[in-house]
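# An overview of the molecular structure
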Amino acid sequence: MNTITTTDALAAFCETAAKAPYVTVDTEFLRERTYYSKLCLVQLAFPGDGVGDAVLVDPLAEGLDLAPLYNLFRDESVMKVFHAARQDLEIFAIEGGVIPHPLFDTQVAAMVCGFGEQVGYETLVRRIAKAQVDKSSRFTDWSRRPLSDAQKAYALADVTHLRDVYEYLAAELKKSGRTKWVEEEMDVLRDPATYRVEPREAYRRLKTRNPTPRFLAIARELAAFRESYAQENNVPRTRVFKDDALLELVSLKPKDATDLGKARLLLREARKGAIADGIIAAIAAGAAVPKDEMPEASPQKARDQINGALADLLRVLLKAKSESAGVASKLIATASDLDDIAAGAREGDWAHGWRGEVFGQDALRLCEGEIALACKGQNVKIIPL
């Protein structure tokens, strides 16, 4: 098993890989104790069955510079193939300032090709490559050196079998004329904004019912402080304070350390020092936000706005259409999308692009009353025109 530990060796491999039509890529990393992922290993392979066609790159090796790899990622003549690419791409976007292009995600392609939703790599390898992946090394500490032979074999399998998976899925997409469907799905993964977490927007991830504007203003300041502190100190945001503690703080509105001590859900480390000071300052800032600068709650569709029978019928239609087209239903529309349509929406991603080809026009006909509905209790069925 070839392990690259020098920049010259990496440059030589990448020079050869640049002549291939595609290169498969995977990573091993740690994130349990940090905000940003710690890159521990990069696996690469290009078409062929030679020993040098698949390698491990050790980014922890002293003096190794990943610049040749980033140059390969920018080479538009070589397709970069990943499985479930988002976390891998986030690492490269943050550490190297590069997002591989062109890009192909076999998990997304498999969803378009009828393998179900979020199909795992092992499943695709078993069904397409007719091989088994030894998963025993999956949860090992990839930062420890030296790597065992079992770890190396496991890591290499993540890119060698991926060649067969990619070639099969690419052929299926070409045969069905759905290559552009996957390309459209790659737009989100190629967007640098996907991997940026803006502290001032972090509050939007919080789950709370019927928040007032003032509640959200304080929550926004607390979430922004937590995100900034976690980024600057490279610690998980939950090590600063968890969501339930944040919401408790919004309700308590502590003004000093004594008040802060009344919070039941706050970690001991957060009751003193820089975190405690940041909490008090964030709450004061949120309480002082002028009314016209307070965030608004995300609009929620009231249950009485949704045509229940239509929503149920759209779910039946989505299931039938996705099964007929051999596409995972979540790629076409989500439950929230269907509720929006049933509440009167007429525009959106569900009605445009390839989604519209599969689902949109029939959905519009349903909404416009061109298909008769027969409802009896909870049973809803389609009556053909």
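Each remark here, short or long, concerns the structure printed above.
Residues numbered from 1 in each chain as written. Predicted model: local features only at pLDDT ≥ 70, side-chain atom pairs only at ≥ 80, totals over all residues. Heavy atoms only, no water.

Our focus in this paragraph is the layout of surface pockets. Size it by volume and the largest pocket reaches roughly 750 Å³. Lining of the largest pocket is provided by 24 residues; of these, Thr 27, Glu 28, Phe 29, Arg 138 and Tyr 154 occupy positions nearest its centre. Listing elements by their share of the lining of the largest pocket, those giving two or more residues are strand 2 (22-30), helix 3 (86-95), helix 5 (121-129) and helix 6 (149-176). Top element by residues in the lining of the largest pocket is strand 2. It accounts for six residues. (1 Å grid on protein atoms, 1.4 Å probe; cavity = no way out; pocket = protein on both sides within 12 Å on 5 of 7 lines; lining within 4 Å. Points joined across faces, edges and corners; volume = space filled by probe spheres on them. Helix = DSSP H or I, 4+ residues; strand = E, 2+ residues; numbered from the N terminus.)

Another point: the nonpolar core. In terms of nonpolar packing, the biggest core is built from 85 residues, with Leu 44, Val 57, Leu 69 and Phe 92 touching the most fellow members. Core analysis: the second largest hydrophobic core is formed by 29 residues, Tyr 35, Ala 230, Val 240 and Leu 266 among them. (Core = buried A, V, L, I, M, F, W, Y, C linked by side-chain atoms within 4.5 Å. Buried < 20%, exposed > 50% of the residue type's maximum accessible area, 1.4 Å probe, protein only.)

The packing of two helices is summarised by the inter-axis angle and the distance between the axes. For the pair helix 8 (residues 213-233) and helix 10 (residues 243-252), the least separation of the axes is 9 Å and the interaxial angle reads 135°. By the angle between their axes, helix 8 is oblique relative to helix 10. The hand of the helix 8/helix 10 crossing is right-handed. Every residue of helix 10 that contacts helix 8 at Phe 215, Ile 218, Ala 219, Leu 222, Ala 223 and Arg 226 is listed here: Asp 243, Leu 246, Leu 247, Leu 249, Val 250 and Ser 251. Looking at the contact of helix 8 with helix 10 residue by residue, the class counts come to nine nonpolar, one polar and two charged. (Axes fitted to C-alpha atoms, helices over the stretch in contact; angles between N-to-C directions. Parallel < 35°, antiparallel > 145°, perpendicular 65-115°, else oblique. Left-handed = near helix turned anticlockwise from the far one by under 90°. Contact = heavy atoms within 4.5 Å. Nonpolar A, V, L, I, M, F, W, Y, C, P; charged D, E, K, R; others polar.)

Let us look at the pairing of strand 5 (residues 79-82). Sheet topology places strand 2 next to strand 5; three bridges connect them, and they run parallel. Residue Val 23 lies in a different strand from strand 5, and its bridge partner there is Lys 80. As paired strands, strand 5 and strand 6 (residues 103-105) are joined by three bridges and run parallel to one another. When the bridges of strand 6 are listed, Val 81 appears paired with Phe 104. On the question of chirality, the crossover connecting strand 5 to the parallel strand 6 by way of helix 3 is right-handed. (Pairing = 2+ DSSP bridges. Right-handed = clockwise from strand over helix to strand, strands pointing away.)

Here six strands make up an open sheet; going across it, the order is 1-4-3-2-5-6 and the pairing mixed. Among the strands making up the open sheet, the edge pair consists of strand 1 (2-4) and strand 6. When the angles between neighbouring strand axes are averaged without regard to direction, this sheet yields 30°. Packing against the sheet, helix 1 (residues 7-17) makes contact with strand 1, strand 3 (38-45) and strand 4 (54-57), and its axis sits at approximately 115° to strand 1.

A cis amide bond, omega -5°, links His 101 with the succeeding residue Pro 102. Mapped onto the elements, Pro 102 comes out in the loop between helix 3 and strand 6. Cis rather than trans, the peptide bond between Arg 145 and Pro 146 has omega equal to 0°. Along the chain, the position of Pro 146 falls in the loop between helix 5 and helix 6.

Counting buried positions over the eight residues of strand 3 gives seven, a clear majority of the element. Taken together, the seven bridges between strand 2 and strand 3 define a ladder with antiparallel strand orientation. Residue pairing for strand 3: Glu 28 is matched across the bridge by Leu 41. As defined by bridge partners, strand 3 adjoins strand 4 across four bridges and the pair is classed as antiparallel.

Structurally, Lys 253 is set in the loop between helix 10 and helix 11 (257-260). Lys 253 has contacts with Ile 218 and Ile 283, leaving out every residue within four places of it along the chain. Within the structure, the side chain of Lys 253 is placed 3.2 Å from the backbone oxygen of Val 250, a separation counted as a polar contact. (Polar contact = N/O pair within 3.5 Å; in protein donor to acceptor, adjacent residues only side chain to side chain.)

Of note, Gly 116 is situated in the loop between helix 4 (106-112) and helix 5. C-alpha of Gly 116 to C-alpha of Lys 330: the two residues are 214 residues apart in sequence and 9.5 Å apart in space. In this view, Gly 116 contacts Ala 110, Met 111 and Ala 328; residues no more than four positions away in its chain are not counted.

Running from N to C, helix 1 and helix 2 (residues 67-74) cross one another at 15°; their axes reach a closest spacing of 8 Å. With respect to helix 2, the element helix 1 is oriented roughly parallel. Between helix 1 and helix 2 lies a crossing of right-handed hand. Residues Thr 7, Leu 10, Ala 11, Cys 14 and Ala 17 of helix 1 touch helix 2, and the partners they reach there are Pro 68, Leu 69 and Leu 72.

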